[in-house]
Each structure stands twice: as C-alpha cells, then as structure tokens.
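Chain residues, written in single-letter form:
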Amino acid sequence: MPRPLDDLDHSRDLRKAIDRTGYYPEVVADAVDGAVAGEQVVSFYVHHEPTFENDEVRRHQSVVVLTPSRLILAHTDEHAGDDLLPEPYTSTSTEAISLTSVKSVVVTRMTANPTRGPQPPAEAVMTIGWGGVSRLDLEPAGCSDPECDADHGYTGVLASDDFSLRVSTAADGGDAVAGLLSFAASLSARTQH
C-alpha cells in the first residue's frame, strides 16, 4: 500500500508489503533494496499478478518505489527450468530513473455508473514516460478529396510508453486501485519541473 508524501522513510512498510505477497519475498526485497541503495522510501506500490503460459500459471511482481531523487522499478518473474538453468528460477530486473528524467505520469480512472455521482474508480491505469521506450504509430496520410490518388506520405503519433500498470477492483481489490492512485499522486507531485 503506498504512503503519502511526508518526511518518513517507508522502507519497513515496503518490506512488509513485499512479504505479504508471499512471492519469493527474500529475492524481491534483496533486488529492491539494492536498487534503492539506502535512499529514503517516500512512496511505493507492490503489484503481484499471475500470468498464464501454456498450461501453467506463472507469477509476476512489479514493485515501484519513489525516493527523493529517483523512481525505482523492479520486476520479478518465475520461469520453468531450461537448457541454461535446469531447475525453476526467478529473474528480477531493476531500473532506476532520475525524477528529473520523468516526462509524464498519465493516470486513467475507469468509474462504473458515473451518473450515480462520485464513487471510487473500478479500475486505474498509471503510465510513466521518461523517454526510454517510445512507440511510433503510423498510418497513411490522406486528404479530403475522395478522387485523389496522390501519395500524401504518412502521419502518426510518437508516444512515450516506458511503464504501464493497470489494476482493478475485480481482480486486485479496492485497496489496490486506491493504492495505485495514491502512488501516482505522490509521483506526480515529485516530478513537477
């Protein structure tokens, strides 16, 4: 569960949240601690989700941590044994992004039955962009003349889509949606340039 912006270090709360998932907590915590590198934990969000691979359920966990100077992303996946590692194993990747590099924090809230008035969103998506990964969507350009057969080139959109996380009340519980929105608000407050 994310914590509000304050002067407290939420490292212990982060560790408790990682432990609560029961998903290789020692492995995940070790990687996250290494990436945080002793900085204060301002806010965090832990998301554990199953994925399906053929006839097997695999698990994935994302841990997003906000420090005073950086955004830390950690992803842990479990894998069946293979030629290189014959026994089942986990892989954990961490990335540290300077807060000055974060270009956008996009938050989408999906609220059911909006005519009923204010109510908690049923789903939320947080997308963070810092320029590490960009997506280019192109399509043929045209003009309004239906008889025109000239080549007008292409038109498109370049979108930064480095990290995206979607949670829902149905799949993750109401606290998960509120938690993601709280983390997004903390991150947005820290990335005002």
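As the structure is a computational prediction, the values presented were derived from the model and not from experiment. (Residues numbered from 1 in each chain as written. Predicted model: local features only at pLDDT ≥ 70, side-chain atom pairs only at ≥ 80, totals over all residues. Heavy atoms only, no water.)

Novice: Explanation requested: the environment of R70 in the structure shown.
Specialist: Checked against the element boundaries, R70 lands in strand β3 (residues 70–79). Considered as a pair, R70 and D13 are 57 residues apart in the sequence and their alpha carbons are 18 Å apart. Contact partners of R70, with chain neighbours within four places excluded, come to A35, V36, A37, E39, V65, A96, I97, S98 and L99. Separated by 2.6 Å, the side chains of R70 and E39 make a polar contact. (Helix = DSSP H or I, 4+ residues; strand = E, 2+ residues; numbered from the N terminus. Contact = heavy atoms within 4.5 Å. Polar contact = N/O pair within 3.5 Å; in protein donor to acceptor, adjacent residues only side chain to side chain.)

Novice: Would you mind showing me how to read the state of the cysteines here?
Specialist: In a disulfide, the sulfur atoms of two cysteines are held together by a covalent bond. Going through the model one piece at a time under the given rule, you end up with 0 disulfides. Here C143 stays free of any disulfide, with the sulfur of C148 as its closest cysteine sulfur at 3.6 Å. (Disulfide = S-S within 2.5 Å.)

Novice: Explain the nonpolar core here, please?
Specialist: General note: in soluble globular proteins, nonpolar side chains tend to be found buried as a group. Within the largest apolar cluster, 23 residues are counted, with the highest numbers of intra-cluster contacts made by L71, I128, F163 and F183. Of all the secondary structure elements, the ones that give two or more residues to this core are β2 (56–66), β3, β6 (123–129), β9 (163–168) and α4 (174–190). Of the residues forming this core, the biggest block, 7 residues, is contributed by α4. Every residue in contact with F163, bar those within four places of it in the chain, is listed here: V64, L73, H75, M126, T127, I128 and W130. The next biggest cluster of nonpolar side chains, apart from the first, holds 16 residues, and it includes L14, V32, V41 and V63. (Core = buried A, V, L, I, M, F, W, Y, C linked by side-chain atoms within 4.5 Å. Buried < 20%, exposed > 50% of the residue type's maximum accessible area, 1.4 Å probe, protein only.)

Novice: Looking at this model, I keep getting lost on the confidence of the model for the protein chain. Mind explaining?
Specialist: Averaged over all residues, the pLDDT of the protein chain equals 88, while 90% of them reach at least 70. Of all helices and strands in the protein chain, the one with the weakest mean pLDDT is strand β8 (residues 154–160) (70), whereas helix α2 (residues 25–36) scores best (97). Residue range residues 1–5 is modelled with pLDDT below 50. Its contacts to residues more than four positions away, or to other chains, number 26 contacts. (pLDDT = per-residue confidence, 0-100.)

Novice: Hey, could you run me through α4 in this one?
Specialist: Each turn of an α-helix holds 3.6 residues, which means side chains three or four residues apart point in the same direction. Between its terminal C-alpha atoms α4 stretches 25 Å, which fits the 24 Å expected from 17 residues at 1.5 Å a residue. When we look at burial in α4, the residues that qualify are A176, V177, G179, L180, L181, F183, A184, S186 and L187. (Expected span 1.5 Å × (residues − 1).)

Novice: Is there a simple way to explain the pairing of β6 in this structure?
Specialist: Taken residue by residue, a regular strand's side chains alternate between the two faces of the sheet. In terms of residue burial, β6 counts as a mostly covered element, since 6 of its 7 residues are buried. Bridge analysis of strand β5 (residues 104–110) against β6 gives 7 bridges, and the strand direction is antiparallel. Bridge assignment links V105 to a residue of β6, and that residue is I128. Examined bridge by bridge, β6 and β9 share 6 bridges and lie antiparallel to one another. Bridge assignment links E123 to a residue of β9, and that residue is S168. (Pairing = 2+ DSSP bridges.)

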